[in-house]
Amino acid sequence: MPETTHVDYSTKIPNNVGLMDDQRVLKALEQWHPGYIDWWMTMGPEGFQTSDVYLRTAVSIDPKGWAKFDYVKMPDYRWGILLAPRQEDRRVNFGTHKGEKAWQDVPGEYRAMLRRLVVVQGDTEPASVEQQRHLGKTAPSLYDMRNLFQVNVEEGRHLWAMVYLLHKYFGKDGREEADALLQRRSGDADKPRMLGAFNEETPDWLSFFMFTFFTDRDGKMQLESLAQSGFDPLSRTCRFMLTEEAHHMFVGETGVGRAIERTCQAMKEAGIEDPNDIAAVRKLGVIDLPTMQKKANLHFTLSLDLFGSEVSTNAANYYNSGLKGRFQETRIEDDHQLTRSTYPVSKLVDGKIKMVDEPALTAINMRLRDDYVADCAKGVERWNKVIEKAGVKFRLELPHVAFHRHIGEFANTKASPRGEAISDTEWAGKKDQWLPSKADGDFIASLMAPCWERGKFASWIAPPKIGIDNKGGDFEYVKIHQA
Ligand code: BYC
């Protein structure tokens, strides 16, 4: 079957890339498949592998109507290889090869770089499933449980997407990298996942929602940049992944939004005017807004680290080679080669945080991070609207990019959320006011009682405005058979 918008479900591995006619890759993927299922059974959602989950599955890759909803047991989900349609006469749009025909094969001189990008991207996908594997047990509703599992199966599919590229285009070392993607484990001291944020715990549902808001949004930015790639198969696979990623960010934004809504509502009902009266708010069985701010601080800063160093020769090399572009590269009005332009980068100069012009080429990570921060800020404003509408006097804010960093310019600096450089002693004294403390974690954990009755929601979260696939309020999104 040639490449098409329709997905071939007649093979074990659904695809629109003509796998039936590519026996070498089909065989390699079929050999990888049992290891993947084994990983899913041991590291995927714990306790719900025999439950029937109302999931969407991609049946076609055209923008409308690619999703088919039905009850599926997660291990039976049809993970497959789906690439956005090939664009006629697509070109390399940036870097030294700008204007050349986009590559359908890996350019020999860029093989190692490209493989590295695919492996890093691939590594994050199973990592997030591992991080979230315990959450089903404390789901605040069947609706939320279903959304968690949808995100999980799609991250699994994104792993498949990268493994396909490794098997198809990188020969033996690609197959070895694909195997290694199933070996590493989030948070494991001996074989950790590659990027920092993917080794952190996701201990509760507020973390899950913050993660899908902030960290999946890094996913969006990185996939957008890779979708610009001159290596066409990478571009096409990232373009399709982005359609799935949008739902993950929706889950995060509405999840936090619903927690905020419920808190404000409970405060109003109880006549509590002061959002900082944490003890009084917590007695209502909801999460106080200052704690939500701390969680946002944590997940935002962990996600900022995922952009790498502000000034990076790796990023310049990726760009020059035409492998990884900027956010919405083709919409930017410049020479797309950046040989002479500069870009302002925040740096520590004589103990003060200042903007310094750097060659735009080496500042690619910084630029992408700026685009990311702007995108996050819009979402935070939408949360603030919920607070405002409820008549509560509180505003959530993004902390300064120098705050709580482990990668790049500010990795060794202690800074307040407002971006003032501070001493280690001051940091130690104030850290618990800015980031979730053990006591905050214990309180949130105390609220994480499962709520699995149809149409019911846990005390700390409001119901969604509309259901998935337009289903009514008491729809049974997961038929639970615990294993
Ligand atoms: N943790 O020049 P530098 C997603 C390493 S999320 C650990 O500063 P570069 C998803 C770096 O590897 C999106 N190590 O940065 C979301 C390098 O090591 P080597 C995932 C880090 O290379 C939710 C060294 O430090 N996709 O999809 O320009 C759920 C110096 O690097 C970190 C991608 O990231 C870190 N945070 O940029 C599920 C796209 N940061 O090479 C999924 C592909 C840097 O010296 N990846 N290092 O050994 C990339 O484009 C780049 O690898 C990075 C780093 C942007 C991550």
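The coordinates are above.
All values reported here derive from a predicted model rather than from experimental measurement. (Residues numbered from 1 in each chain as written. Predicted model: local features only at pLDDT ≥ 70, side-chain atom pairs only at ≥ 80, totals over all residues. Heavy atoms only, no water.)

Draft legend 1. Representation of the pattern of salt bridges within the structure. Summed over the entire model, instances satisfying the criterion amount to 38 salt bridges. Here E46 makes a salt bridge to K137, at a shortest N to O gap of 3.1 Å. Highlighted residues: E46 in the loop between helix 1 (23-43) and strand 1 (52-58) and K137 in the loop between helix 2 (111-131) and helix 3 (142-169), separated in sequence by 91 residues. Residue E46 is classed as partly exposed on the basis of its relative accessible area of 26%. Note on K137: relative accessible area 34%, which makes it partly exposed. With a closest N to O distance of 2.7 Å, R193 and E130 form a salt bridge. Highlighted residues: R193 in the loop between helix 4 (171-181) and helix 5 (205-227) and E130 in helix 2, separated in sequence by 63 residues. (Salt bridge = Lys/Arg side-chain N within 4 Å of Asp/Glu carboxyl O. Helix = DSSP H or I, 4+ residues; strand = E, 2+ residues; numbered from the N terminus. Buried < 20%, exposed > 50% of the residue type's maximum accessible area, 1.4 Å probe, protein only.)

Draft legend 2. Representation of the site of the ligand in the model. Neighbouring the ligand are 28 residues, the closest being Q121, S309, S312, N314 and K324. Separating an oxygen atom of the ligand from a side-chain N or O atom of R116 is a distance of 3.1 Å. The separation between an oxygen atom of the ligand and a polar side-chain atom of K324 is 2.6 Å. Contact with the protein chains covers 81% of the free accessible surface of the ligand, which is 1000 Å². When atoms are counted within 2 Å of each cavity's grid points, the one that captures over half of the ligand is the largest pocket. It is helix 2 that provides the largest number of residues to the shell around the ligand, a total of 7 residues. Here the residues of the shell around the ligand are counted per class, giving 9 nonpolar, 12 polar and 7 charged. (Near = heavy atom within 4 Å. Polar contact = N/O pair within 3.5 Å; in protein donor to acceptor, adjacent residues only side chain to side chain. Areas by Shrake-Rupley, 256 points an atom, 1.4 Å probe, with all protein chains shown as cover. 1 Å grid on protein atoms, 1.4 Å probe; cavity = no way out; pocket = protein on both sides within 12 Å on 5 of 7 lines; lining within 4 Å. Sits in = over half its atoms within 2 Å of the grid points. Nonpolar A, V, L, I, M, F, W, Y, C, P; charged D, E, K, R; others polar.)

Draft legend 3. Focus on the environment of I422. Here I422 is to be found in the loop between helix 10 (364-389) and helix 11 (424-434). Along the primary structure I422 and G351 are separated by 71 residues, whereas in three dimensions their C-alpha atoms are 9.3 Å apart. If sequence neighbours within four positions are ignored, I422 has contacts with K414, A415, S416, W427 and W434. (Contact = heavy atoms within 4.5 Å.)

Draft legend 4. Representation of the layout of surface pockets in the model. Approximately 760 Å³ is the volume attributed to the largest pocket. Among the elements that make up the lining of the largest pocket, the one with the highest residue count is helix 5 (8 residues). Considering the residues around the second largest pocket, the lining is formed by 22 residues, among which T254, R258, E261, V386 and K465 are closest to the centre. Counting only elements with at least two residues in the lining of the second largest pocket, the list comes to helix 6 (232-270) and helix 10. It is helix 6 that provides the largest number of residues to the lining of the second largest pocket, a total of 9 residues. (Points joined across faces, edges and corners; volume = space filled by probe spheres on them.)

Interpretation in functional terms is not warranted from these geometric data alone.
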